Structure formats: structure tokens, C-alpha cells
Amino acid sequence: MHSTPLKALQLMVPALALTLGLGLAQAQDEAESAETGEEQEIQVLAEINGETITERELDQLVSQQTQGESEIPPTQRRQFLEEIINLMLLAQAGDAAGIDEAPDVAAQLNNDRRRTLAQGFVRQLTESEPVAESVLRERYEAVYGAEAPREYKARHILVSDRVQASAIIDRLADGESFTELAGQYSEDGTSRDGGNLGWFAPDDMVDPFAEAVAALEPGAVTDEPVETRFGFHVIRLDETRETEAPAFSDVASQLRMSIVNERIQAELEGLREDADIDYEANWTKPDNG
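From a predicted model like this one, the values you see are computed outputs, not experimental measurements.

J.: Hey, could you go over the overall build of the protein chain for me, with residue numbers and the actual values?
T.: Along the backbone of the protein chain there are 11 helices and 6 strands. A buried classification covers 31% of the 289 residues belonging to the protein chain. In the protein chain, once contacts between residues fewer than 6 apart in sequence are set aside, the share between residues at least 24 apart is 69%. As presented, the protein chain carries roughly 18,600 Å² of accessible surface, and 47% of it is formed by carbon and sulfur atoms.

J.: Go over the pattern of salt bridges, please, and point to the residues and values.
T.: In this structure the tally under the stated criterion is 13 salt bridges. Residue R115 pairs with D112 through a salt bridge whose shortest N-O separation is 3.1 Å. One end of the pair, R115, and the other, D112, are both in helix α6 (residues 103-128), 3 residues apart, so they sit about a helical turn from each other. Across the pair R162 and E227 runs a salt bridge, and its minimum N-O distance is 3.0 Å. Placement of the pair is R162 in helix α8 (residues 162-173) and E227 in strand β5 (residues 226-228), with a sequence separation of 65 residues. Exposure remark for R162: the relative accessible area of 35% places this residue in the partly exposed category. One continuous salt-bridge network, built from bridges that share partners, spans E55, D59 and R77.

J.: Describe the packing of helix α4 (residues 55-65) against helix α5 (residues 74-96), with residues and values.
T.: As a packed pair, α4 and α5 sit with axes 10 Å apart at the nearest point and diverge in direction by 105°. When the axes of α4 and α5 are compared, the pair comes out roughly perpendicular. Contact residues: α4 offers E55, E57, L58, D59, L61, V62 and Q65, while α5 offers R77, F80, L81, E83 and I84. Considering only residue class, the contact of α4 with α5 consists of 6 nonpolar, 1 polar and 5 charged.

J.: Which residues make up helix α10 (residues 207-214), and what are the values?
T.: For α10, the full list of buried residues reads F209, A210, A212 and V213. When α10 is viewed along its axis, its buried side chains cluster within an angular range of 165° and face the same direction. Facing away from the buried side of α10 by over 90 degrees, the exposed positions are D207 and E211.

J.: Tell me about the sheet that holds β5, residues and numbers included.
T.: Read across the sheet, 4 strands follow the order β4-β3-β6-β5 without closing on themselves; strand pairing throughout is antiparallel. The open sheet is flanked by β4 (196-200) and β5, the only strands paired with a single partner. Taking each pair of neighbouring strands and ignoring which way they run, the sheet shows an average axis angle of 40°. Pairing analysis gives 10 bridges linking strand β3 (residues 150-159) to strand β6 (residues 231-242), with the strands arranged antiparallel. If you follow K153 over to β6, its bridge partner there is E239. Where helix α9 (residues 178-185) meets the sheet, it contacts β3 and β6, and its direction lies at approximately 50° from that of β3. Strand contacts of α10: β3, β4, β5 and β6, with the helix running at about 155° to β5, the strand carrying the most contacts.

J.: Can you explain the packing of aromatic side chains? Please cite residues and give values.
T.: Across all of its chains, the model carries 4 aromatic pairs by this definition. Seen from their ring centres, Y140 and F248 are 5.7 Å apart, and the 85° between their planes marks the pair as edge-to-face. Here the residue Y140 occupies a position in helix α7 (residues 133-145), and F248 occupies one in helix α11 (residues 248-274), the gap between them amounting to 108 residues. In this structure, R137 packs its charged tip against the face of F248, placed 3.7 Å from the ring centre. For R241, the ring lying beneath its charged end belongs to W199, and the centroid distance is 4.0 Å.

J.: Explain the environment of Q184 to me, using residue names and the numbers behind them.
T.: Structurally, the position occupied by Q184 is in helix α9. Residues Q184 and G194, spaced 10 residues apart in sequence, show a C-alpha to C-alpha distance of 8.7 Å.

J.: Before we move on, can you summarise a nonpolar patch on the surface with the specific residues and values?
T.: On the surface, a nonpolar cluster with roughly 230 Å² of combined accessible area is contributed by F121, L268 and L271. Considering the arrangement of structural elements, one finds L271 in helix α11.

Calculation rules
Residues numbered from 1 in each chain as written. Predicted model: local features only at pLDDT ≥ 70, side-chain atom pairs only at ≥ 80, totals over all residues. Heavy atoms only, no water. Helix = DSSP H or I, 4+ residues; strand = E, 2+ residues; numbered from the N terminus. Buried < 20%, exposed > 50% of the residue type's maximum accessible area, 1.4 Å probe, protein only. Contact = heavy atoms within 4.5 Å. Areas by Shrake-Rupley, 256 points an atom, 1.4 Å probe, with all protein chains shown as cover. Salt bridge = Lys/Arg side-chain N within 4 Å of Asp/Glu carboxyl O. Axes fitted to C-alpha atoms, helices over the stretch in contact; angles between N-to-C directions. Parallel < 35°, antiparallel > 145°, perpendicular 65-115°, else oblique. Nonpolar A, V, L, I, M, F, W, Y, C, P; charged D, E, K, R; others polar. Arc of directions from axis to C-beta. Pairing = 2+ DSSP bridges. Phe/Tyr/Trp six-rings, centres within 6.5 Å; stacked < 30°, edge-to-face > 60°. Lys NZ or Arg CZ within 6 Å of the ring centre and 35° of its normal. Patch = residues over 30% accessible without salt bridge, like charges linked within 9 Å, V, L, I, M, F, W, Y side chains within 5 Å.

And the structure:
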């Protein structure tokens, strides 16, 4: 079993759904159970100054506070209910005091609302078309079935400007140290270790990065900057190795998340194409150069 340097690759993994804070495996389970179950009736547990607390709201708080644990003792469940009541009383007091009109609070409320709606929409996408096991098996064969999986050990220098990345490539060609330039210029956490990414599989990286690494010979550096949504990368491949394919059961959840992420990304790209997006400040405008 090979290990993945997740701490070094956090920026690189296309994890939109994770960024939204979704438990995709949980969403899959909920979608499958929803096919046989009926929508539960919403039960009101308490009313505070005319505002209700529902059982679903309590269930959400319990799940958040216990990392998904739903079976808790009645006494503890009662304590969680009191926590919501206290929260509601403070929120009502803040509302009465006009706290929602403060710029910082208004911004946070807007962001919280957007995040919640985005989470709900993504969860709906996930539940409306659960990833069938046959689809997972096909993806497993596509990823691991053709030949022995290969892992790569590489370093990179990540910058936000193509011209700067090209200049770094020129300096490397002149004999300057990759690790020193990475430490000086790379804009991610790997700069502390000379750009070292450790060992990784192609699926651990976004496609342009993975394709560029696979095209290199050990010891070679990309002759052009590699553009991803994170910026421009200068990459040096250090070593490669073959590994044994993992068991299907060990990677099924990872494959499911990858497929769901692809669906979400496709949906998001469609939304962006249809959207009217006006960048008001000069620095926010995408670089077309």
C-alpha cells in the first residue's frame, strides 16, 4: 500500500466538495436510504419567543458536535437542545440590537448563507444520482487495471505569474539550485522543504500537473510553466516507481469522491458559462495574457 503526502498536496487535490464541507460518503448513504424511506415529519421540540426548534435542527447540531454520531444518551441529547435554546436566545438578542447591520456581521451572514445553499445544492446533485458500484468498478479498472500503477517523486515551484515561472526555468537551466529557488519563490507550504512533494500517484494531482510529471524523465525539469487553477508550476521529477494496485474496497470511497467531484466541477463550469459575472475592481479581472 502506498502513502500519499496529503499535507504537501492539499493545494493540489481537486476537492471542491470537501471545500464545501460535505461528507460525500454520507450523502451517498443518505441517497440510497432515501429510495426506500419516506420523508420524516418535522417535529417541533421547543418554541422560544415564537421561534421554533425542530428535531432536524437538533439532529444537525448533534451530528456536527459528535462527528456524525447519532445515537447518544437522552441526557446528552437534552443538553444539546439546551445549547440550541441558549444560542437562539443570544441570536434573538443580537437581532433586536441590530447586530446584523454591522458590516462584518452582515458579511459573515452572507457567506454563511451562500455556503449553506451551496452545500445543499451539491448534496442534492450527489443524492439525485448516486454513484453505482458498476461505475466505481469501471473507474477502478481504468485507474488500476491497465498496468502496474506508477508513483512519482517530484518537487515544484508555484508562482502566480507566468513570466516569473519562465524566468525561474531559465535560471535553473543556468545551473541554479532548484531547492534554493523553491525556498525563495514558491508560494505554497512546500517552499520550506525546497518544493518537495514526496511520493504521489497521478490521481493525487490536478490533470495538467499530473500530465506534465508523467512526461518527464527523472532529473528533468519542465521546459515551460505548467498552468493549473492554483498558478504556474515549475516541476522537477526526481524518481518514479511501480506499486501494487490497491484492493477495490480500499479505494472505493476515494473513487466515488473523484467521480462526484467531476460531476460537481462540470456543473459549476456550466453555471459559470451561463452566469453574468462582472469584475468591478481591476485586480479581480482574470488574466487573459
